[in-house]
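Given next are the chains, with one letter for each unit.
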Amino acid sequence: MSSPTITSQTHASQEAGKHRRHTTELLQKNLLFALAGNQNSGKTTLFNALTGSNQHVGNFPGVTVERKDGAMKGHREAVVVDLPGIYSLSPYTSEEIVTRDFLIKDHPDAIINIVDATNIERNLYLSLQLMELSIPMVIALNMMDEVRASGNSIDVQKLSELLGIPVVPISASKGEGIDELTEIALRTARQGIPPKKMDFCTGEVHKAIHAIAHVIEEQAQEYGYPLRFAATKLVEGDEPTMQALHVTENQRDILGHVIDDMEAALDTDREAALADMRYNFIENLCAKCVVKRHETHEQVRSEKIDRILTHKYLGIPIFFVIMLVVFWLTFGVVGSFLSGLFESGVNFLVDSLSSLLTHIGVSDWMHSLVIDGICAGVGSVLSFLPVIVLLFFFLSLLEDSGYMARVAFVMDKLLRKIGLSGRSFVPMLIGFGCSVPAIMATRTLSSERDRKMTIVLTPFMSCSAKLPIYGMFTMAFFPNHAGIVMISVYIIGIIVAILSGLLLKNTVFRGKPVPFVMELPAYRIPSAKSVLLHMWEKAKDFIRKAFTIIFLASMVIWFLQSFDWSFNLVTDNTTSMLASIGKFIAPIFTPLGFADWRASTALITGITAKETVVSTFTVLTGASTNAELTTMLHMVFPSTLTAFSFLVFTVLYMPCIAAFAASRRELGSMKSALGTALFQTSMAYLVSLVIFQVGRLILGI
């Protein structure tokens, strides 16, 4: 017979072993974190700090269009998903739907809710809705450095106690509190403890929510919906929740009576009642935890600056002056100097490679393919890399400082005249970088009409892929007026978008734009890391494209201009396959002033990638330096007017294949995408025709 003491010790040992195994299993378990918060709360900055991921950080709404994943630094088992910035969990926009669906259907182990401490009252509105999901949650109280600097204070411990969830003060941009946040988030997820407090209501709203909760309790459990969240959504009349819970007609009648009684008692509608309930709770909460003596320095500074930059009459002219200075520096003073240095380096490498190929006795056709085809095509595009990097340095400064958000605000009145809201300017701003993410960014628009119309107009905003074309033409034809030509090209794109909008809003897209509500972030000094990341991303994308699409395109162009239809190597490229294709199409562009077959050929290859226009001209003209290319371009375009007409056409005609594919995906059909491309190209043809023909009359050509 065993001793009771021994039995007790054995049992204790077994329990300890079970506890250790359970702890080990928790530590080894893969964890999924949802990073959620308002726009402009520093969410993407925190994502970068948590994961070390090289994501671009922008200071205007809409920068995060789709979810992005990244493993926590030092914790590969923990994955953080950066969700779109939202203000509520009501599914009115695509970004709210993405966030809500992920939280409900993907069942993250915990939510990291980032809250802007300088605007805590508004940010906590989303926090209360997230807590109703009954998912373990941590609040990352961001920008606490600004709160302290302004003489204000937040009792973090008191706030945590009243909310019933961990609250961690951080400064994402400075890396303060990130380690503590990581540790607490991991512990919260592993313990799986939901928020302690989810009932923020009183009075009639309290009665309504709890009455509805009793009605749909079994369905919420059956379909995996958080009960409190489901009841609140049904009070709002949320149809997606009705469908997800398979609410019967009888239950709908009961819900209707409950809500009618609540509205009658409060003398307000259902949504206002819930909003009042949440804001009343937040107001009482902040009264106990937040001491606000002054506005932050950033807010005071922003108000002073906005008196000028968002002025009713001066706002838009100031924007164009700023962009003129940016283009003058990019394509004139600084950019041309850097491009010259870079070109010298590229030419040195190409000459060295040419000598090496000659020395080892490579055949003439292979030498021509490598030097006259690949190196000429790729090298001509790479020589404009400094211009790309420099432009995005300036744009990143404007973006991260918060100025671009003001531009959207200032443009709202103008955009409303063409049937869009200022919110559509966000994708258009992104379009100055690349049309593909710009088209995808239209998902942030709540109106299907506004979304489709913005997709059609966004490619008129000149993307960065066209910068090498601008650089080549300004260098060849407008060396002393590069900045003016550049700003005029961008203005033409904007004007054409405006005129197209006026046409479309009265024909294809009838209706009114949705109201525009947008928070203007405080002006902040851009961080060097963010700016450098932005520049590196653009440079990396440009180089990748140069050595993939443009590399292959240069080989194809060389082959087509080196052989005839019988596959004989030609001595005169005017008898090549490419020349015959170009000559067949060239008459179409004669009314626009550029009848040379090389110009029409460049436009065709430009559909693959706009940078290919430069490599096409370089390969077809046989130029080995920018000086030679300039001379050859003057033979293709006999006047600056024809050159400018061609430049305008390249700005406006259909975007590259990647952007076309994005349009097809977002519009939902090939027919709509083809119609959009045809409309854009038709507008390009019409505008170039007007510019050339009117220019001929004025100049007497």
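Residues numbered from 1 in each chain as written. Predicted model: local features only at pLDDT ≥ 70, side-chain atom pairs only at ≥ 80, totals over all residues. Heavy atoms only, no water.

**Observations concerning the overall build of the protein**
Looking only at helices and strands, one finds 31 helices and eight strands in the protein. Looking at the protein as a whole, 57% of its 701 residues qualify as buried. Looking at the protein alone, contacts between residues at least 24 apart form 74% of all its contacts between residues at least 6 apart. As displayed, the protein offers around 30,500 Å² of accessible surface, 62% of which is attributable to carbon and sulfur atoms. (Helix = DSSP H or I, 4+ residues; strand = E, 2+ residues; numbered from the N terminus. Buried < 20%, exposed > 50% of the residue type's maximum accessible area, 1.4 Å probe, protein only. Contact = heavy atoms within 4.5 Å. Areas by Shrake-Rupley, 256 points an atom, 1.4 Å probe, with all protein chains shown as cover.)

**Re the packing of aromatic side chains**
For the structure shown, the criterion picks out 24 aromatic pairs. Here F559 and F563 contribute two aromatic rings whose centre-to-centre distance is 4.9 Å and whose plane-to-plane angle is 35 degrees, an arrangement assigned as tilted. For F559, a relative accessible area of 32% translates into the label partly exposed. Relative to F637, the ring of F594 lies with its centre 6.5 Å away and its plane at 65 degrees, an arrangement referred to as edge-to-face. Of this pair, F594 sits in the loop between helix 25 (577-585) and helix 26 (597-605) while F637 sits in the loop between helix 28 (626-636) and helix 29 (640-652), and the two are 43 residues apart along the sequence. Taken together through their ring pairs, the aromatic side chains of F473, F477, F478, F589, F594, F617, F637, F644, F646, F649 and Y653 make up a single cluster. Positioned above the aromatic ring of Y125 is the side chain of R278, whose terminal nitrogen or guanidinium carbon lies 5.5 Å from the ring centre. (Phe/Tyr/Trp six-rings, centres within 6.5 Å; stacked < 30°, edge-to-face > 60°. Lys NZ or Arg CZ within 6 Å of the ring centre and 35° of its normal.)

**Observations regarding unusual backbone geometry**
Backbone geometry at H246 places phi at a positive 55 degrees, although glycine is not the residue there. As for its placement among the helices and strands, H246 is situated in the loop between helix 10 (239-244) and helix 11 (249-266). Unusually for a residue other than glycine, F567 sits at a positive phi of about 60 degrees. Along the chain, the position of F567 falls in the loop between helix 24 (549-562) and helix 25. Overall, F567 belongs to the exposed group, its relative accessible area being 54%.

**Points about empty space enclosed by the protein**
The tally for this structure, following the rule as stated, stands at five cavities of 30 Å³ or more. A volume near 100 Å³ is recorded for the largest cavity. Along the lines of polarity and charge, the residues of the lining of the largest cavity split into 10 nonpolar, no polar and no charged. (1 Å grid on protein atoms, 1.4 Å probe; cavity = no way out; pocket = protein on both sides within 12 Å on 5 of 7 lines; lining within 4 Å. Points joined across faces, edges and corners; volume = space filled by probe spheres on them. Nonpolar A, V, L, I, M, F, W, Y, C, P; charged D, E, K, R; others polar.)

**Examining the sheet that holds strand 3 (residues 75-82)**
Spatial strand order, 2-3-1-4-5-7: six strands in an open sheet with mixed pairing. On the outer flanks of this sheet lie strand 2 (68-72) and strand 7 (167-169), each paired with one strand and no other. Put simply, the sheet's adjacent strands are angled 25 degrees from each other on average, direction ignored. The sheet contact formed by strand 2 and strand 3 spans five bridges and is antiparallel. Pairing of G70 across the sheet is with V80, part of strand 3. Helix-sheet contacts for helix 6 (residues 156-163) involve strand 5 (137-142) and strand 7, and the interaxial angle to strand 7 is about 160 degrees. (Pairing = 2+ DSSP bridges. Axes fitted to C-alpha atoms, helices over the stretch in contact; angles between N-to-C directions.)

**Things to note about the environment of F392**
For F392, the position within the fold is in helix 16 (residues 385-401). We classify F392 as buried; its relative accessible area is 3%. Between the C-alpha atom of F392 and that of S464, which follows or precedes it by 72 residues, the distance is 8.8 Å.

**A few points about the side chain of D596**
The residue D596 is located in the loop between helix 25 and helix 26 in this model. Those residues in contact with D596 that lie beyond four places of it in its chain are M635 and V636.

**Looking at the nonpolar core**
Residues Y470, F473, F617 and F637 are the most contacted members of the largest nonpolar core, which totals 112 residues. For this core, the element with the most residues is helix 22 (residues 482-505), which contributes 12 residues. Residues in contact with F637, not counting those within four places in the same chain, are F473, F477, F594, A599, F617, T642, A643 and F646. Counting 64 residues, the second largest nonpolar core, distinct from the first, contains A213, V235, I259 and I282. (Core = buried A, V, L, I, M, F, W, Y, C linked by side-chain atoms within 4.5 Å.)

**Quick look at the pattern of salt bridges**
One pass over the full model with this rule turns up 15 salt bridges. The salt bridge involving E183 is made with R187; its shortest N-O contact spans 3.7 Å. Highlighted residues: E183 and R187, both in helix 7 (residues 178-191), separated by four residues, approximately one helical turn. By relative accessible area, which is 40% here, R187 ends up partly exposed. E239 is the salt-bridge partner of R252, the closest N and O atoms lying 3.0 Å from each other. (Salt bridge = Lys/Arg side-chain N within 4 Å of Asp/Glu carboxyl O.)

**Considerations on the pairing of strand 5**
The buried fraction of strand 5 is high, at six of six residues. In strand 5, alternate side chains face the same way, and those of M137, I139 and L141 on one face and V138, A140 and N142 on the other are all buried. Here strand 4 (residues 110-116) pairs with strand 5 via six bridges, running parallel. Opposite D116, over in strand 5, you have N142 as the bridge partner. Remark: the strand 4/helix 4 (residues 120-131)/strand 5 crossover connection has right-handed handedness. (Right-handed = clockwise from strand over helix to strand, strands pointing away.)

**What to know about the pairing of strand 3**
In this structure, strand 1 (residues 31-37) lies alongside strand 3, joined through five bridges in parallel fashion. Opposite L31, over in strand 3, you have A78 as the bridge partner. Taken together, strand 2 and the strand that follows it, strand 3, pair antiparallel across an intervening segment of two residues, in which G74 is found at a positive phi of about 80 degrees.

**Let's talk about the packing of helix 9 (residues 227-236) against helix 12 (residues 270-289)**
For the pair helix 9 and helix 12, the least separation of the axes is 8 Å and the interaxial angle reads 135 degrees. Regarding the angle of helix 9 to helix 12, the classification is oblique. Along the contact surface, helix 9 presents R228, T232, L234, V235 and E236, while helix 12 presents R270, E271, L274, M277 and R278. Across the contact of helix 9 with helix 12, the residue classes tally to four nonpolar, one polar and five charged. (Parallel < 35°, antiparallel > 145°, perpendicular 65-115°, else oblique.)

**So, the confidence of the model for the protein**
Confidence in the prediction of the protein, expressed as mean pLDDT, is 81, and 89% of residues score 70 or more. A low-confidence stretch, residues 54-65 (pLDDT under 50), is modelled with 56 contacts involving residues beyond four sequence positions or located in other chains. (pLDDT = per-residue confidence, 0-100.)

**Re the environment of L103**
Looking at where L103 falls in the secondary structure, it is placed in helix 3 (residues 94-105). With relative accessibility at 3%, the residue L103 sits in the buried group. Sequence separation of L103 and L133 is 30 residues, and the distance between their C-alpha atoms is 8.1 Å. When near neighbours in sequence (up to four residues on either side) are disregarded, L103 contacts A34, L83, L89, P108, I111, L130, L133 and I135.

**A word on the side chain of S354**
Looking at the element boundaries, S354 is found in helix 14 (residues 315-359). Looking at S354, the relative accessible area reads 17%, which means it is buried.

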